[in-house]
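Structural description and commentary
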Protein chains: 2
Amino acid sequence: MQVLSGKWKIHILGTLLQGGKMRFMDLLREIDGIAAKMLSKELQDLEMNQLVTRTVVDTKPITVEYEVTEYGKTMEPIIDEIANWGVFYRNRLHGKNE
Amino acid sequence: MQVLSGKWKIHILGTLLQGGKMRFMDLLREIDGIAAKMLSKELQDLEMNQLVTRTVVDTKPITVEYEVTEYGKTMEPIIDEIANWGVFYRNRLHGKNE
DNA sequence: GAAACTAGTTTCCAATTGGTAACTAATGCA
DNA sequence: TGCATTAGTTACCAATTGGAAACTAGTTTC
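Counted by the stated rule, this structure contains 10 salt bridges over all chains. Note that Lys 9 of chain A and Asp 45 of chain A form a salt bridge whose closest N and O atoms lie 3.4 Å from each other. Of this pair, Lys 9 of chain A sits in helix H1 (residues 9–19) while Asp 45 of chain A is found in helix H3 (residues 36–48), placing the two residues 36 residues apart along the sequence. Note that Lys 41 of chain B is salt-bridged to Glu 42 of chain B, the shortest N-O span being 3.6 Å. Look at Glu 42 of chain B and you get buried, because its relative accessible area is 2%.

Right, here's the structure in full:
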């Protein structure tokens, strides 16, 4: 479970699952509040655990594409469950308690 | 998601889901490596988030029973998914990689 | 009276986490 | 020449996390 530890990994995976192939700057802009350092570090962790791949593309200014691996996609049910539960949880906070 | 943050909450919930009503000492013994301080603190967090209930029982030395709430049980799919995935993950580490 | 069991709390400390800001380095554009 | 964009890295710092060990406090048993 430490595979998903930290404040951002689930968010990053969720974004990548939804967006497909994405560049570093895409992620930086898409994920609200994350700093470059964090994104970089978390992506390295995810890559080490083989949940995402990192591909350098030789464009004008080089870009780097990140993508969820097939293996990483086996996490989709978990991510989805968590997202669903999050909605459920927030509905509970304001509104019908008890 | 910070509702499940920390090293122990998923473990505690999993143990309680599996064991039903459990006392503090039961949990302390069942969950390998956890210290009383941590168990106490994590249980307080879980109680605050209404995932478990705490009931003092007036036995000879008073005991305290913890139980997962109905609401907490809505987490069961997540906990299960995570547990399943954990098994899958460990199989992958030693054995058939690639 | 002393030891043991219940459920914690307190103190103190080390390691980890996460954030800001500045910096690198290669390339393109005006 | 100088500024922007790409993808990071580095330095520094504050807050949080987690662990060990000792302690509290009530009750029961030897």
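Additional details are given in the paragraphs that follow.
For the rest of this paragraph, the subject is the packing of helix H1 (residues 9–19) of chain B against helix H3 (residues 36–48) of chain B. Residue and element names in this part refer to chain B. Taken N-terminus to C-terminus, the directions of H1 and H3 make an angle of 75°; their axes are 10 Å apart at the nearest point. Of the possible angle classes, the one that applies to H1 and H3 is roughly perpendicular. Where H1 abuts H3, its residues Lys 9, Ile 12 and Leu 13 lie against Leu 39, Glu 42, Leu 43, Asp 45 and Leu 46. When grouped by side-chain class, the residues that make up the contact of H1 with H3 number five nonpolar, no polar and three charged.

Around DNA strand D, 19 residues are found, and the nearest of them are Ser 40, Arg 54 and Tyr 66 of chain A together with Lys 7 and Lys 37 of chain B. Here, DNA strand D places atoms within 4 Å of the protein, and 78% of those atoms are sugar or phosphate. One of the side-chain nitrogen or oxygen atoms of Tyr 66 of chain A is found 2.6 Å away from a phosphate oxygen of DNA strand D. Between Lys 37 of chain B and DNA strand D, the recorded distance is 2.2 Å, taken from a side-chain N or O atom to a base oxygen. Among the elements of the structure, helix H2 (24–30), H3 and strand E3 (63–68) of chain A together with H3 of chain B are those that each provide at least two residues to the surface near DNA strand D. Residue classes in the surface near DNA strand D are distributed as eight nonpolar, four polar and seven charged.

Okay, the sheet that holds strand E1 (residues 22–23) of chain B next. Think of a sheet as strands paired side by side through backbone hydrogen bonds, with each pair either parallel or antiparallel. All names here are of chain B. Spatially, three strands are ordered E1-E3-E2 in an open sheet, and the strand pairing comes out antiparallel. Unpaired on one side and paired on the other, E1 and strand E2 (52–57) mark the two borders of the sheet. Across two bridges, E1 lies against strand E3 (residues 63–68) in antiparallel orientation. Considered in E3, the bridge of Arg 23 is made with Glu 65. Set on the sheet, H1 makes contact with E1, E2 and E3; between it and E3 the angle comes to about 95°.

Each value, and the rule that gives it
Along each chain, residue indices are assigned from 1 in the same order as the chain's sequence is written. As a convention, the first chain written is A and the first ligand written is 1, with the rest following in written order. In view of the model being predicted, local features appear only for residues whose pLDDT reaches at least 70, and side-chain atom pairs are presented and counted only at 80 or more, with totals across whole chains, interfaces and linings using the full set of residues. Side-chain calculation: all heavy atoms of the structure are included, whereas hydrogens and water are not. Throughout this description, the term salt bridge denotes a Lys or Arg side-chain nitrogen within 4 Å of a carboxyl oxygen of Asp or Glu. Labels follow the DSSP assignment, with helices taken as runs of H or I lasting at least four residues and strands as runs of E lasting at least two, numbered in each case from the N terminus. For every residue, the accessible area obtained with a 1.4 Å probe (protein chains only) is divided by the maximum for its type, and the residue is called buried under 20%, exposed over 50%, and partly exposed between those limits. In this description, a line fitted to the C-alpha atoms serves as the axis of each element, helices being fitted only across the stretch in contact, and the angle between N-to-C directions of two axes falls anywhere from 0 to 180 degrees. Comment on the angle field: the value is read as roughly parallel under 35 degrees, roughly antiparallel over 145, roughly perpendicular from 65 to 115, and oblique elsewhere. Pairs of residues are marked as contacts when any of their non-hydrogen atoms sit within 4.5 Å. Here the nonpolar group is Ala, Val, Leu, Ile, Met, Phe, Trp, Tyr, Cys and Pro; Asp, Glu, Lys and Arg are the charged ones; every other residue, Gly included, is treated as polar. Consider each residue's heavy atoms; a residue with any of them within 4 Å of a molecule or strand counts as near. In protein, a polar contact means a hydrogen-donor-capable atom and an acceptor-capable atom, both N or O and within 3.5 Å, with residues adjacent in sequence counting only if both atoms are side-chain atoms; elsewhere, any N or O pair within 3.5 Å suffices. Paired strands, in this sense, are two strands between which DSSP finds at least two bridges.

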